[in-house]
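Here is how the chains run, residue by residue.
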Amino acid sequence: MKKVVFFFFLLFFSLLLFAGDRVPVTWNGEFHTGTRVEDVLKIKGKPTRKIGPVGDPAVEKWYYGKEVVVIMSGYVIDSFYLQWQS
């Protein structure tokens, strides 16, 4: 049993080591949790891409270039930047 657990840990860490350059890195976005959708639209305008609404309560993702704004019930619940390492 110990050999199996050791093997899975070794496999997991080797995957992290070799896939490190393909893992997304995120930074906090411009908008804080609780910001109203109207304020986002005033500052950024229409998003370049929208996904959703999905689920109950409905959640949407608005894309502004590399910034993603996650919205639920008319308020921002998260905002972050995506940057892919090469």
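Residues numbered from 1 in each chain as written. Predicted model: local features only at pLDDT ≥ 70, side-chain atom pairs only at ≥ 80, totals over all residues. Heavy atoms only, no water.

## Quick word on the confidence of the model for the protein chain
In the predicted model, the protein chain carries a mean pLDDT of 79, and 66% of its residues have values of at least 70. At the level of individual helices and strands, the protein chain shows its lowest average pLDDT in helix H1 (residues 2-18), which scores 59, and its highest in helix H2 (residues 37-44), which scores 95. (pLDDT = per-residue confidence, 0-100. Helix = DSSP H or I, 4+ residues; strand = E, 2+ residues; numbered from the N terminus.)

## A look at the nonpolar core
Grouped together as the largest cluster of nonpolar side chains are eight residues: Phe31, Val37, Val40, Trp62, Tyr64, Val69, Ile71 and Val76. Mapped onto this core, the elements with two or more residues apiece are H2, strand E3 (59-64) and strand E4 (67-72). Residues contacting valine 37, with those up to four places away along its chain left out, are Trp62, Ile71, Gly74 and Tyr75. (Core = buried A, V, L, I, M, F, W, Y, C linked by side-chain atoms within 4.5 Å. Buried < 20%, exposed > 50% of the residue type's maximum accessible area, 1.4 Å probe, protein only. Contact = heavy atoms within 4.5 Å.)

## Some words on unusual backbone geometry
For the bond running from glycine 52 to proline 53, omega is 10°, close enough to zero to count as cis. By the secondary structure assignment, proline 53 is in strand E2 (residues 49-54). Cis geometry marks the peptide bond from aspartate 56 to proline 57, where omega comes out at 5°. Relative to the assigned elements, proline 57 resides in the loop between E2 and E3. The backbone of serine 73 shows a phi angle near 55°, a positive value even though the residue is not glycine. Take serine 73: it is sitting in the loop between E4 and strand E5 (75-84).

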